[in-house]
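# Reading the structure
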Amino acid sequence: MNIAQQQDKAKALRADIVKMLYHAQSGHPGGSLSCLEILMALYYNVAKVDPKNPKWPERDRIVLSKGHACPALYAVLADKGYFPREDLWNLRQFGSHLQGHPDMQKTPGVDVNSGSLGQGVSIAVGLALGAKYKQESHKVYAIVGDGEIQEGLVWEAAMSAAHYKLDNLTVILDNNGLQIDGSNDEVMSIGDPVEKFKAFGFECILVEDGHNTQAIVEALNRPVSGKPKFICCKTHKGNGVSFMTDQAGWHGKAPNEEQYLEALKELGVVVNG
Amino acid sequence: MADKISLRVAYGEALVEQGAKNNNIVVLDADLSNATMTNAFAKAYPGRFFNFGIAEANMVCAAAGMAHSGLIPFVSTFALFGAGRAYEMIRNSVSYVGANVKFGLSHSGLCVGEDGGSHQSIEDIALMRVLPGMTIFVPCDPIETKKAVAAALEIDGPVFIRVARPVCDNITQADTPFIPGKANVMRSGNDVAIIATGLMIPEALTAAEALEREGVSAAVVNMHTIKPIDEDCILQMANTCKAVVTVEEHSVIGGLGSAVAEVMAGKSNAGFARIGIQDKFGRSGKPAKLFEAYGLTSGNIVGTCKALLR
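How each quantity is defined
- Residues numbered from 1 in each chain as written.
- Chains lettered and ligands numbered in written order.
- Predicted model: local features only at pLDDT ≥ 70, side-chain atom pairs only at ≥ 80, totals over all residues.
- Helix = DSSP H or I, 4+ residues; strand = E, 2+ residues; numbered from the N terminus.
- Rg over C-alpha atoms; globule rule 2.2 N^0.38 Å.
- Buried ≥ 20, exposed ≤ 12 C-beta atoms within 10 Å, placed from the backbone.
- Pairing = 2+ DSSP bridges.
- Axes fitted to C-alpha atoms, helices over the stretch in contact; angles between N-to-C directions.
- Contact = placed C-beta atoms within 7 Å.
- Nonpolar A, V, L, I, M, F, W, Y, C, P; charged D, E, K, R; others polar.
- Arc of directions from axis to C-beta.
- Domains from an automatic or database assignment.

### Considerations on the overall build of chain A
Counting its regular elements, chain A contains 10 helices and 7 strands. Relative to a compact globule of 273 residues, whose C-alpha radius of gyration would be 19 Å, chain A shows 17 Å and is just as compact. Considered along the principal axes of its C-alpha atoms, chain A spans approximately 50 × 45 × 35 Å. Considering chain A as a whole, with its 273 residues, one finds that 51% of them fall into the buried category.

Right under this line is the structure:
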């Protein structure tokens, strides 16, 4: 995909995310819209995956540790062909394989359960250790939220990733600056995540525009050796929908019909039902 | 096997023995390998031993990731810091997904002794028992500990092995069956059934002998698997005997006593009592002194049985 195509794809996926949440009438739009380009950089550009063979042993593992943002993951997985796009409209419904938080036993393409914050990063450490032990060359990516790094477990995981020199592990921060109760700084200051991960022994890269897929791809492709990689992506919560952008109030709230139609209009999508 | 070793030494030896047969077995510890006795495995297979430092939550989730990679991790630390501190990690990262992680959690119950109440895990069985898909073994001697490790490897899913600290005699034999979910009746009797687990088995056997001298016929059941619990055996005991007494080195809330009560409720008119830690915390002292103070003795078992039969 060229840059224009990636941007069109991002708009279409954002529309899918908003539509899913409208149908579910629950879920987390803000963080889903902020991490979309990170997922796109991985699934469309960098990661080795095979939608026809979701459990392909040589695939790269992608852990959405901020599991509440799974609408973005589901939209991408459906677009990649892991399951029919129509399934998206059953998000969070009884009997749907699309659970409120990612479930590896139900959804094709989901590598790891997540959503209990902090645990995904730590599981990713285990996946990376497992790959090293078995001398497998696939890579492991963990996407974390900035509120999530308030969990001490993230730092236990970071410590162990550096200790075991997991250069097959990349931790990507969706740094939108907001969490449920307000800004990170109001709730519990996280300081400078890049400096913190550097101090924990990571090779760190700052991506100033975390909605520039190409910039994320370049950061992902930068080689490291002997240490794990950390990429801080500066993003906007609710990005792409003007009234959701940078609003903590849109962390975990579904749009009503009026908001839904307004969002789709902004994203240039014609509603057909 | 030497007769007098601790369950934790048996656990360490079992890991080395099983590790020789299966390269996928890896062992994780949290800076306690000299106490959990996984140091034997670390020495035998340094490339398969992973120390996570004093960070149990990370160790548990990383174990889940390793299990997803096809490995069979044995997570080893003290019961309080595994089942307790890392509880929600065991629930969400392991049990919820049925990850093939084994927990060999040592220093359970009051037998930690001098370390005191902060380190005496009296709730680990209760915590693990409410997790769907979790298998729970409470071995009573070194031989049974080794069998529990072997049996855990036959199960595709999470298993908790409760490894007590003290040195103790073997009371089971090499050829005693160890079938998960199938209790061993160590002694038959038809007045009272003493259903015990772990370190309480010797006390139960001593109590049964004392009762016999007083003309009371007591059965002793070794409930080495707390989950899945052997319902058939419990109901058979409850139907043959006038009373059932459970004995555990654990809180009477949520452990063996609760599990047996849940099976008997509505299905048996037998008298019933639970011996264990009666909803209080432990404290420092020699294990024998603590067992006495908390009623974990053959004497208390005898008295409780007789009171029920009166």
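### A short note on the sheet that holds strand 5 (residues 102-106) of chain B
Strands pair in a sheet through their backbones, by hydrogen bonds, and they do so in one of two ways: parallel or antiparallel. Residue and element names in this part refer to chain B. Taken together, 7 strands build an open sheet; the order of strands is 3-2-4-5-7-6-12 and the sheet is mixed. Edge positions in the open sheet fall to strand 3 (49-51) and strand 12 (225-227), since each of these has one partner strand only. The sheet shows a mean angle of 20° between the axes of neighbouring strands, direction not considered. Bridge count for strand 6 (residues 135-137) against strand 12 is 2 bridges, and the pairing is antiparallel. If you follow phenylalanine 137 over to strand 12, its bridge partner there is threonine 225. Lying over the sheet, helix 8 (residues 142-153) contacts strand 4 (72-78), strand 5, strand 6 and strand 7 (159-163), oriented at roughly 170° with respect to strand 7.

### With respect to the interface of chain B and chain A
When the parts of a complex come together, some accessible area is lost, and that lost area is often taken as the interface size. The interface is formed by 22 residues belonging to chain B together with 22 residues belonging to chain A. With 9 residues, the top contributor of residues to the side of chain B that touches chain A is helix 4 (residues 56-68) of chain B. Class assignment of the residues belonging to the side of chain B that touches chain A gives a composition of 14 nonpolar, 7 polar and 1 charged.

### Structural notes on unusual backbone geometry
For the bond running from Lys227(B) to Pro228(B), omega is -5°, close enough to zero to count as cis. Residue placement: Pro228(B) occurs in the loop between strand 12 and helix 10 (231-240). Positive phi is not limited to glycine here, since Arg92(A) has a value of about 65°. Positionally, Arg92(A) belongs in the loop between helix 4 (70-80) and helix 5 (119-133). Even without glycine at this site, His107(B) takes up a positive phi of about 55°. Checked against the element boundaries, His107(B) lands in the loop between strand 5 and helix 7 (124-129). Given 25 C-beta atoms within 10 Å, His107(B) falls into the buried group.

### Some points on helix 10 of chain B
Since there are 3.6 residues in each turn of an α-helix, residues three or four apart along the chain are aligned in direction. Residue and element names in this part refer to chain B. By the burial criterion, the buried members of helix 10 are Cys233, Ile234, Met237 and Ala238. End-on, the buried residues of helix 10 take up no more than an arc of 130°, which puts them together on one face. Looking at the buried positions of helix 10, the neighbouring elements they touch are strand 10 (192-196), strand 11 (218-222), strand 13 (243-251) and helix 11 (256-264).

### Notes on the domain arrangement of chain B
All names here are of chain B. Assigned domains within chain B: domain 1 (5-168) and domain 2 (184-309). Centre-to-centre separation of domain 1 and domain 2, based on C-alpha positions: 26 Å. Of all the secondary-structure elements, those providing two or more residues to the side of domain 1 that touches domain 2 are helix 7 and strand 6. Here the side of domain 1 that touches domain 2 is composed, by residue class, of 13 nonpolar, 6 polar and 5 charged.

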